[in-house]
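# Coordinate inspection notes
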Amino acid sequence: LRQLLSRNDSLHHGKARCLPGTRVDILQRIGEWARASPADASRLLWLFGVAGCGKSAIAGTISHILKESHFLIGSFFCKRDDTDRREPRLLLGHLAYYIAKVDSNFHDGLLSHLNDPDFFVSKDLETFFENILRRPLSRSKNRSAQPHVVFVVDALDECDDHGEVARFLTEVIDDTPWLKLILT
């Protein structure tokens, strides 16, 4: 499973964060949303604003807060000028890796694909998504029994093929009632 993670750590805990005492209201509202039952709130939170307004700092801070409270399963911080951190397969691979850590049925379905020697042969993004997330999720039987968790994606617009990736992430949300996504 570790093959799914990038060589260049895209986790952002402790990197860009809000200064103490700043953005308290938005962080509190996002934290409340993240902790609320998925049945009581939307499972997708899209934080948007102009470049440089602090979305990455908010994403880094909320990732740190949610990790401490055991709601965060993982994060991926995209970056346009970093080959690994703009690669859609690595973003999707990170998401699959972290879902596999909390869902044993998904884990088993994913491993069956990873053990295929042709898995890492270059494939189009749709086929990659099919193999790494769609099929394993369809084999996961106890999804609704999972406690809910959050995955953070920062700067999705800096990821190659971000429109297609957004479509895939929406599909994942539709198939995982216990998963919430924060996107910037």
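What follows deals with the overall build of the chain. Scanning the chain from terminus to terminus reveals six helices and four strands. Starting at the N terminus, the α and β elements of the chain follow one another as α-β-α-β-α-α-α-β-α-β. Residues classed as buried in the chain amount to 49% of the 184 residues present. Long-range pairs, those at least 24 residues apart, make up 79% of the contacts in the chain between residues at least 6 apart in sequence. Only carbon and sulfur atoms are counted for the fraction: they give 51% of the accessible area of the chain, which is about 9,000 Å².

Attention now goes to the sheet that holds strand 2 (residues 72-77). Read from one edge to the other, the open sheet built from four strands follows the order 1-4-3-2, with strand pairing classed as parallel. Whereas interior strands pair on both sides, the edge strands pair on one side only; in this sheet they are strand 1 (44-46) and strand 2. On average, each strand axis in the sheet is inclined to that of its neighbour by 10°, with strand direction left out of account. Pairing of strand 3 (residues 149-154) with strand 4 (residues 179-183), which is carried by five bridges, proceeds in the parallel orientation. The partner of F151 across the bridge, within strand 4, is L181. In the packing of helix 1 (residues 24-35) onto the sheet, contacts are made with strand 1, strand 3 and strand 4, and the angle to strand 4 comes to roughly 155°. Running at roughly 155° to strand 4, helix 6 (residues 162-175) makes contact with strand 1, strand 3 and strand 4 of the sheet.

Packing of helix 4 (residues 104-114) against helix 5 (residues 125-139) leaves a shortest axis separation of 8 Å and a crossing angle of 135°. With respect to each other, helix 4 and helix 5 are oriented oblique. Judged by the sense of rotation from one axis to the other, the crossing of helix 4 with helix 5 is right-handed. On the side of helix 4, the interface is formed by N105, F106, G109, L110, S112 and H113, while helix 5 contributes N131, I132, L133, R135, P136, L137 and R139. By residue class, the composition of the contact of helix 4 with helix 5 is six nonpolar, five polar and two charged.

Inspection of the entire model under this criterion finds nine salt bridges. As a salt-bridge pair, R29 and D25 come within 3.2 Å of each other at their nearest N and O atoms. Remark: D25 and R29 occur in helix 1; sequence separation between them is four residues, near one turn of the helix. In this structure D25 comes out as partly exposed when scored by relative accessible area, which is 47%. Put simply, E87 and R89 hold a salt bridge, and the shortest N to O gap is 3.3 Å. Given a relative accessible area of 23%, E87 falls into the partly exposed group. Relative accessible area serves as the criterion here: at 28%, R89 is assigned to the partly exposed category. Residues participating in the shared-partner salt-bridge network are E126, E130, R134, R135, E164, R167 and E171.

What counts and how
Residues numbered from 1 in each chain as written. Predicted model: local features only at pLDDT ≥ 70, side-chain atom pairs only at ≥ 80, totals over all residues. Heavy atoms only, no water. Helix = DSSP H or I, 4+ residues; strand = E, 2+ residues; numbered from the N terminus. Buried < 20%, exposed > 50% of the residue type's maximum accessible area, 1.4 Å probe, protein only. Contact = heavy atoms within 4.5 Å. Areas by Shrake-Rupley, 256 points an atom, 1.4 Å probe, with all protein chains shown as cover. Pairing = 2+ DSSP bridges. Axes fitted to C-alpha atoms, helices over the stretch in contact; angles between N-to-C directions. Parallel < 35°, antiparallel > 145°, perpendicular 65-115°, else oblique. Left-handed = near helix turned anticlockwise from the far one by under 90°. Nonpolar A, V, L, I, M, F, W, Y, C, P; charged D, E, K, R; others polar. Salt bridge = Lys/Arg side-chain N within 4 Å of Asp/Glu carboxyl O.

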